[in-house]
Amino acid sequence: MPVDTVLCDLDGVVWLAHDAISGAPEAIERLRGVGIRVFFVTNNSYSLVAEQEAALARIGVPAVGGVLTSAQAAALLIEPGEMVLVCGGPGVSEAVSARGCVPIADGDADAVVVGMHQTFDYERMRIASTAIRNGARFIATNDDPTYPTPDGPIPGGGAIVAAVATASGETPVIAGKPYEPMAALVRAAVGATFDADSTLMVGDRFSTDGVFAHTLGCRFALVRSGVSVPGADAGGTVDIDAADLGAVSAALLG
């Protein structure tokens, strides 16, 4: 069946540290030019959605309304009116507030949401783990152990989640790819026209993006422009194995 919706990971597929990967903006333009809808499905929970949209615009990719984050997926696991301790970046606070909850930095909470942030330290780990031990639900935006950059992988949000899990003695519910909350977010964003058979997920890591494609029931294209370097074992069965997003576009459009 032809593809009518493409779900693109951002880091390692469209850009590295907001620097466009060669050919990616042009590939997105070609896909949209034939009527294929493109969404950006990212486990980056740190940045505000508008910041990610603006960063995409700077590399020539219009994306307003098309960025779906693990912070938004995590917000599906909390209920309006709840007190939510944020152990994460501005994107988590934004998603918590948009859900109608109250983001707090310390104290009694109904839930603790943990995501990537560069100010994580022992005190933040103590505050988050104490709230969880006191009964707050433990939610993680994602469990990616690393994050791709032009200089190679650096610790990702999953490393912070692992520290809080060790300190609290609890296992989190994980919201982002490859888990069901992110799949629910995608289905809601695409709307009534969502059809797994005509959807393609494009990512640079099988354990995250490939497994997420299986969660959705759609096809998967692995690109070698991020974590999965050329020649490395794919890690699982893929439908398209390509150098980059441009090559995926060529495979789809000929």
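Just above sits the structure.
Residues numbered from 1 in each chain as written. Predicted model: local features only at pLDDT ≥ 70, side-chain atom pairs only at ≥ 80, totals over all residues. Heavy atoms only, no water.

**Topic: helix 1 (residues 24-33)**
Moving on, step 1. If you check which residues of helix 1 are buried, you get Ala 24, Pro 25, Ala 27, Ile 28 and Leu 31. Along the axis of helix 1, the buried residues cluster in a sector spanning 160°; they form a single face. For helix 1, exposure combined with an orientation more than 90 degrees from the buried face picks out Glu 29 and Gly 33.
Moving on, step 2. Against the buried residues of helix 1 lie strand 1 (5-8), strand 3 (19-20), strand 4 (37-42) and helix 9 (245-253).
Moving on, step 3. Residue Gly 35 follows helix 1 closely and has a positive phi angle near 95°. (Buried < 20%, exposed > 50% of the residue type's maximum accessible area, 1.4 Å probe, protein only. Helix = DSSP H or I, 4+ residues; strand = E, 2+ residues; numbered from the N terminus. Arc of directions from axis to C-beta. Contact = heavy atoms within 4.5 Å.)

**As for the side chain of Thr 199**
Moving on, step 1. By the secondary structure assignment, Thr 199 is in strand 13 (residues 199-203).
Moving on, step 2. At 2.8 Å, the side chain of Thr 199 forms a polar contact with the backbone oxygen of Asp 195.
Moving on, step 3. When neighbours within four sequence positions are excluded, Thr 199 is seen to be in contact with Thr 5, Leu 7, Phe 194, Cys 218 and Arg 219. (Polar contact = N/O pair within 3.5 Å; in protein donor to acceptor, adjacent residues only side chain to side chain.)

**A word on the side chain of Asp 11**
Moving on, step 1. With respect to the helices and strands, Asp 11 occurs in the loop between strand 1 and strand 2 (15-16).
Moving on, step 2. In this structure, Asp 11 is buried with no salt-bridge partner, the nearest side chain bearing the opposite charge being Lys 177 at 7.7 Å.
Moving on, step 3. Of the polar contacts made by the side chain of Asp 11, one reaches the side chain of Trp 15; its length is 3.1 Å.
Moving on, step 4. Within the local environment of Asp 11, its side chain forms a polar contact with the side chain of Tyr 147, the two groups lying 3.2 Å apart. (Lys, Arg positive; Asp, Glu negative; His and termini not counted. Salt bridge = Lys/Arg side-chain N within 4 Å of Asp/Glu carboxyl O.)

**Structural notes on the pattern of salt bridges**
Once their charged atoms are close, side chains differing in charge can pair, the charge on each being opposite to the other.
Moving on, step 1. Summed over all chains, the structure comprises 6 salt bridges.
Moving on, step 2. A salt bridge links Arg 126 to Glu 123; the shortest N-O distance between them is 2.6 Å. One end of the pair is Arg 126 and the other is Glu 123, both in helix 5 (residues 122-133) and 3 residues apart, which spans about a single turn.
Moving on, step 3. Look at Arg 126 and you get partly exposed, because its relative accessible area is 36%.
Moving on, step 4. Of the charged contacts, one joins Arg 187 and Glu 180 as a salt bridge, the two residues approaching to 2.7 Å between their closest N and O atoms.
Moving on, step 5. Judged by relative accessible area, which is 29%, Arg 187 ranks as partly exposed.
Moving on, step 6. Each of the salt bridges in this network shares a partner with another, and the network as a whole consists of Asp 9, Lys 177 and Asp 209.

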